[in-house]
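# A look at the structure
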Amino acid sequence: MTDPGGLAHLRHELRTPLNHIIGYAELLIEDSGSDRSELAARLKGLLEDARSVLAVINERLAPGGRDAETVDVRALGSAVIAPVDRIAAGAQALARSAEALGAPELLADLARIGEAASRLTRLLVPGPAAVSAGTGAAEGAAAAPDSPPRGVVLVVDDDQGNRDLLARRLAREGFLVHTAADGQAALAALEHQPSPPIDLVLLDVMMPGIDGYEVLRRLKDDAALRELPVLMISALDEVASVVRCIELGAEDYLPKPFDPVLLRARIGACLEKKRLRDQEARHARELAEWNRTLEQRVADQVEQVERLGRLKRFFSPQLAELIVSGGAADPLQSHRVEVTVVFLDLRGFTAFAETADPEEVMGVLREYHAEMGRLILAHEGTLERFTGDGMMIFFNDPVPVPDGPERAIRMALAMRERLRQIDAGWRKRGYDLGVGMGVARGYATIGAIGFEGRWDYGAIGTVTNLAARLCAEARPTEILVSQRVAGAVEDLVALEPLPPLALKGFTRSVPAFRVLGPKSSTA
């Protein structure tokens, strides 16, 4: 059996060069103008290859994955070496094209992509391995626009490519960025604060010498620095690592390769929290001068009221009270759980909204939302979002349920039946509407996404994408389900297998089934 720590380290080592390839490719695509559309198209192909390699590594080496018990690196290399070779060859070909087009500014990043592909090849094909190390010194600040910076960020990572990618990405967002190549350099930079001072630390976990855990622990033990928000960014994806970082005081944990949109949201949330915490600290000091005992009581009450108010935006009042009283874990903290996701969407709504009066549109939506909402509550589903005429519901979080797929299908059938009744009334008024649904089962990362003052309770993962794509394929009154859902409810409903579907965002065709209706024995 492979040691879990060794498996996590292998995933980390393989993901690091992939992070470089994906990050630099995204930057180059963003910089491509209309006169470089051919280069952009070839870069997108390179990016797709990198993401396909990442998907294979995640599938085979994830905890519980097909190769998690006994890792055969040679077999893994054989499975992905073709796209890795295409990446390396593509980077070289793009460099030649860039020179021919008179675009020398692209060559450095293309060279970095080629170097990352070579490093990935060395890791996958037995031979001497080369692992870069940090310089052990704090580096200069990355250039930001001339306007006042949105904030000052310290990026700490022993891999130069990772530092460069993060610094450039953040500089584009208007941040002033300082970098440090290891934990010792980061602590030194924070001890002698630059001007303006650092607002946020992006901290890698695995570093030689003082690792990210120890840096985080020292920051939280320092009275002058413990309020400084720390966002962990690492290719190490073990749940234990995430939990340890959060317990040590990190604001959040973002896996590499990172999504630029998610990175921007998490950084914005961290900085806004820091500003509000600074303001609250000033108020607390003023209150302390008046009445220290009253200060503590007020702070406790305000915290509880604010927390209860946030929770009531997502859950029933009963569940929110239970969470605040300590009877349930706080679901707004990011966590990973297996869920069953249901997407539903009104067909013909766009055409209806274009021709109907606004009052008619709002009336239809109110009736639709009210009836669907009643069924969601009746089946104890969690409504993740409204998107106009669309809804996303999932089961098994925040309240665990043993029969998520069954609840989801029973709810979907009840919705279909109720919508058939509603549709009769709509048709009398001349409205040509119908609802399609998609249901999938899998793991998702769930928790609060956003910034102080505007939080959303969100689920992120392939399972949500799959449910949405199945919903998009469903015709009016159709319920399409994934293979995992079908296997869980085959005794409950009659199913009709469909030809594998080519869904957007999925490299392989996806098996799917149509729900015909309840079986006679369970009707």
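Here's what I pulled together on the structure shown here. (Residues numbered from 1 in each chain as written. Predicted model: local features only at pLDDT ≥ 70, side-chain atom pairs only at ≥ 80, totals over all residues. Heavy atoms only, no water.)

Across its full length, the chain carries 16 helices and 14 strands. Summarising the internal contacts of the chain: among those between residues at least 6 apart in sequence, 71% fall at separations of at least 24. (Helix = DSSP H or I, 4+ residues; strand = E, 2+ residues; numbered from the N terminus. Contact = heavy atoms within 4.5 Å.)

Within this structure, the stated rule accounts for 34 salt bridges. Among the ionic pairs, Glu496 bridges to Arg514, the shortest N-O distance being 2.8 Å. With Glu496 in strand E13 (residues 493–501) and Arg514 in strand E14 (residues 510–518), the pair connects residues that are 18 residues apart, well separated along the chain. A relative accessible area of 16% places Arg514 in the buried class. Because the salt bridges share partners, they merge into one network encompassing Asp109, Arg112, Asp164 and Arg168. (Salt bridge = Lys/Arg side-chain N within 4 Å of Asp/Glu carboxyl O. Buried < 20%, exposed > 50% of the residue type's maximum accessible area, 1.4 Å probe, protein only.)

Let's shift gears to the packing of aromatic side chains. Across all of its chains, the model carries two aromatic pairs by this definition. The interplanar angle of 55° and the centroid separation of 6.1 Å between the aromatic rings of Phe349 and Phe352 together place this pair among those described as tilted. Taken together, the residues Phe349 and Phe352, both in helix H12 (residues 349–355) and three residues apart, mark about one turn of the helix. For Phe349, a relative accessible area of 11% corresponds to the buried category. Three or more aromatic residues link up through ring pairs in this structure, and these residues are Phe349, Phe352 and Tyr431. Above the plane of the ring of Tyr213 lies Arg244, whose end atom (NZ or CZ) is 3.9 Å from the centre. (Phe/Tyr/Trp six-rings, centres within 6.5 Å; stacked < 30°, edge-to-face > 60°. Lys NZ or Arg CZ within 6 Å of the ring centre and 35° of its normal.)

Backbone geometry at Asn396 places phi at a positive 95°, although glycine is not the residue there. A residue is classified by how much of its surface remains accessible, and Asn396, at 21% relative accessible area, is partly exposed.

A few words now on the packing of helix H13 (residues 358–378) against helix H14 (residues 404–428). Close contact between H13 and H14 brings their axes to 10 Å; oriented N to C, the two are set at 155°. Considering the angle they form, H13 stands roughly antiparallel to H14. Helix-helix and strand crossings are classified by hand; for H13 and H14 the assignment is right-handed. On H14, the residues that touch Val364, Glu367, Tyr368, Glu371, Met372, Arg374, Leu375 and Ile376 of H13 are Met411, Ala414, Met415, Arg418, Leu419, Ile422 and Trp426. Residue classes in the contact of H13 with H14 are distributed as 11 nonpolar, no polar and four charged. (Axes fitted to C-alpha atoms, helices over the stretch in contact; angles between N-to-C directions. Parallel < 35°, antiparallel > 145°, perpendicular 65-115°, else oblique. Left-handed = near helix turned anticlockwise from the far one by under 90°. Nonpolar A, V, L, I, M, F, W, Y, C, P; charged D, E, K, R; others polar.)

So, about the nonpolar core. Core analysis: the biggest nonpolar cluster contains 40 residues, and Leu344, Tyr368, Ile393, Ile409, Met415, Trp426 and Val481 have the highest contact counts within it. The residues contacting Trp426, other than those within four sequence positions of it, are Leu346, Val364, Glu367, Tyr368, Leu419, Tyr431 and Leu433. Leu61, Ile87, Ala91 and Ala98 belong to the second-largest nonpolar core, a separate cluster that totals 36 residues. (Core = buried A, V, L, I, M, F, W, Y, C linked by side-chain atoms within 4.5 Å.)

What follows is about helix H4 (residues 107–124). Across its 18 residues, H4 extends 26 Å between first and last C-alpha, which sits within 8% of the 26 Å expected from 1.5 Å per residue. Every buried residue belonging to H4 is among Asp109, Leu110, Ile113, Gly114, Ala116, Ala117, Arg119, Leu120, Leu123 and Leu124, and all of these are buried. (Expected span 1.5 Å × (residues − 1).)

Tracing the backbone through its elements, the reader meets Arg218 in helix H7 (residues 212–221). Residues Arg218 and Leu248, spaced 30 residues apart in sequence, show a C-alpha to C-alpha distance of 9.7 Å. Setting aside chain neighbours within four positions, we find Arg218 in contact with Leu187 and Ile210.

By themselves, these observations are geometric and do not establish any function.
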